Every structure is written in C-alpha cells, then in structure tokens.
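Inside the fold
Single-letter residue listing:
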Amino acid sequence: MITIKNKKEIELMREAGKVVALVYEELKNKIKPGMTTYELDQIAEEKMKSLGAIPAEKGYDIGVKGVPPYPAATCISVNDEVIHGIPSKNKIIHEGDIVSVDTVALKNGYNGDAARTFTVGKVSKDAQRLIDVTKQAFFEGIKYAKVGYRIGDISNAIGTYVQSQGYSVVREFQGHGIGADMHEDPGIPNYGKAGRGARIEAGMTLAIEPMVIAGKPDILELDDGWTIITEDGSLAAHYENTVLITDGEPEILTMTKQEKAEMKVK
Ligand code: MF3
Ligand code: CO
C-alpha cells in the first residue's frame, strides 16, 4: 500500500529530511584521509542525535535468517563497495577514495533517507565522472516525480541516462516509498519501462536512489551478510534523496538550502 501523507505528516517528513541533510553537511566538512569509516559513522550518529533523531539503520532487521541486524548508524561503502558497507575501526579512508554514505534519520516517528558519495582529497577523473553521473541520474529521475507520471517513468529515466553515459545500474536493489516505515511501497527500480507501475500522486514521499557501477552491473555479497561489492572490481557510486510529490515540482526533503542553491534546484 502506498501511503499518502497529510499536512502534519509532511511537516514531520520535512523535519526528518532536514536532519539527514545536516548530517551530510557535517560529513562533507569532516571527511579526511586517515580517518576510519567507524569514525565517520560516529560523527554521523552524534550529529543525528544532537538534532533529536534516531539512526534508523542501527538494529534494522531485514528478517532474513542468518543475516544479523544492521550494526551501525550509516552504511559506508568505499570504492568498489556499492552499498551496505559496515563501518569498521579497521577500514581507513585514503586520499583518492570515493566513499558512499547512506543513512536514515527517524524523528518524531518519520524517516528521512539519503545517500551521498564523497571524494577524499583528489580523485581520478573517472571517479569524479561516475559520481557526477550518479547524481545527475537522480535529477533525470525526478523530472518524472510529478502527478501525471508513473513510477516506471522515473525508473526508465534513471536507467536510460546511466546507460547513455556508459555505466551500469544495480538491478538487485531499488528506491522505495518512505514515511513512518523506512521502506514502504512502491519499489522504485533504477531501470525499467516507462508508462508502467503505480501512478504518482501528491503527498507521496519517495526515496529515489540510483546505485551506479562504472563497469559491469554484476554484484557480490560479502560474508558479513551486508556489504555489496562490484564483481568486476570497478568503482560504484550512490546518490539518494527523499522527495515529496506535490501538485508542482517535487520537493527534495534531504538537501540543505545551501546544497540546493549551489545547484539552483527548489
Ligand atoms: N538506507 C538504505 C536505503 O537506502 C537501507 C540500508 S539497509 C540498513 O534504503 F540496514 F542499513 F538499514
Ligand atoms: Co533508501
């Protein structure tokens, strides 16, 4: 069931989204070569708590036998790690790395979900292009996050754009509705046919999240039950925001005003 949020719920979604935006502002300023992914996770968790939110990923249980509940406030996936990397005191971030962070803030019963891929010091041109394309894929997608379109239009726009840039989208994971639950209907694949899927309506809140691989689309799961890596060892990037469907342009709930101003989006 796709939930339509009322005015009060929309206000709470905005608040949860703002927390996530501020967490990323903090991480962007603090990420440095030599840090561990554990330290980065701690910074995110503290920032989130200081803003009155709970890290919703911590303890999150996908309900699959043998997969332990997720142990941290963030997923941190470095270079060829695609998503769900578990922060570790043994994992040092190096100059030239690309670091994807995905986190969910739960505040007053509502969730905000976003992901960013950060650069550490100077990165290769190829790495930067992958990050730029992944971000742009989100913006290609939300051109269709409007009343009158269907979920498949968002999926198709993302997949078509990524492919046109010579990259691959991950097929095994997808975006999703979000609200009182972190994962709600509908699922939002990053590829697919236009004109298919649920009709988009005002009051829906959607987490749209292209996961892009520089090489082949195939992925592997590590023995920790969580970390997803590229099979061919190529780099991966992730970009996600929670968006509110309105009667006009979608409202991006997980970007700061400054982040929006820098890109001139609403
Ligand atoms: N935040 C992720 C998403 O974008 C979910 C991560 S799984 C978790 O949907 F266990 F870490 F929460
Ligand atoms: Co998500």
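The following paragraphs examine the structure supplied in this document. (Residues numbered from 1 in each chain as written. Chains lettered and ligands numbered in written order. Predicted model: local features only at pLDDT ≥ 70, side-chain atom pairs only at ≥ 80, totals over all residues. Heavy atoms only, no water.)

Notes on the pattern of salt bridges
Note the following rule: By salt bridge we mean one thing: a side-chain nitrogen of Lys or Arg within 4 Å of a carboxyl oxygen of Asp or Glu. We count a stretch as a helix when DSSP gives it H or I for four or more residues in a row; a strand needs E for two or more, and each element gets its number in order from the N terminus. Buried means the residue's accessible area, taken with a 1.4 Å probe over protein chains only, is under 20% of the maximum for its type, while exposed means over 50%, and partly exposed covers the values in between.
Tallying each qualifying case throughout the model produces 12 salt bridges. Across the pair R14 and E11 runs a salt bridge, and its minimum N-O distance is 2.9 Å. Of this pair, R14 and E11 are both found in helix α1 (residues 7-30), three residues apart, which corresponds to roughly one turn of the helix. Take E11: its relative accessible area is 42%, and that puts it in the partly exposed class. In this structure, E140 engages K143 in a salt bridge whose closest nitrogen and oxygen atoms are separated by 2.9 Å. Residue E140 is classed as buried on the basis of its relative accessible area, which comes to 17%. The class of K143 is partly exposed, set by a relative accessible area of 43%.

Some points on the packing of helix α3 (residues 125-142) against helix α4 (residues 151-164)
Note the cut-off: Fitted lines through C-alpha atoms give the axes, limited to the stretch in contact for helices. The angle between two N-to-C directions lies from 0 to 180 degrees. Working rule for angles: under 35 degrees goes down as roughly parallel, over 145 as roughly antiparallel, 65 to 115 as roughly perpendicular, anything else as oblique. In this scheme, a crossing is called left-handed if the near helix is turned counterclockwise away from the far one by less than a right angle; it is called right-handed if the turn is clockwise. When checking whether two residues touch, look at their non-hydrogen atoms; a contact exists if any pair is within 4.5 Å. Here the term charged refers only to Asp, Glu, Lys and Arg, the term nonpolar to Ala, Val, Leu, Ile, Met, Phe, Trp, Tyr, Cys and Pro, and the term polar to all other amino acids, Gly among them.
At their nearest, the axes of α3 and α4 sit 8 Å apart, and the two run at 150° to each other. When the interaxial angle is binned, α3 and α4 end up roughly antiparallel. With respect to the hand of their crossing, α3 and α4 are arranged in right-handed fashion. Between α3 and α4, the residues in contact are V133, Q136, A137, E140 and G141 and I154, A157, I158, Y161 and V162, respectively. Its residues placed into classes, the contact of α3 with α4 shows seven nonpolar, two polar and one charged.

Overview of the pairing of strand β5 (residues 110-119)
The following threshold applies: For two strands to be treated as a pair, DSSP must find no fewer than two bridges joining them.
Counted residue by residue, β5 has nine buried out of 10 residues, so it is predominantly covered. Relative to β5, strand β4 (residues 98-107) runs antiparallel, the two being bridged by 10 bridges. Across the sheet, the residue bridging to K107 is Y110, located in β5. Here β4 folds back onto β5 in antiparallel fashion, the turn holding two residues, of which N108 has a positive phi close to 50°.

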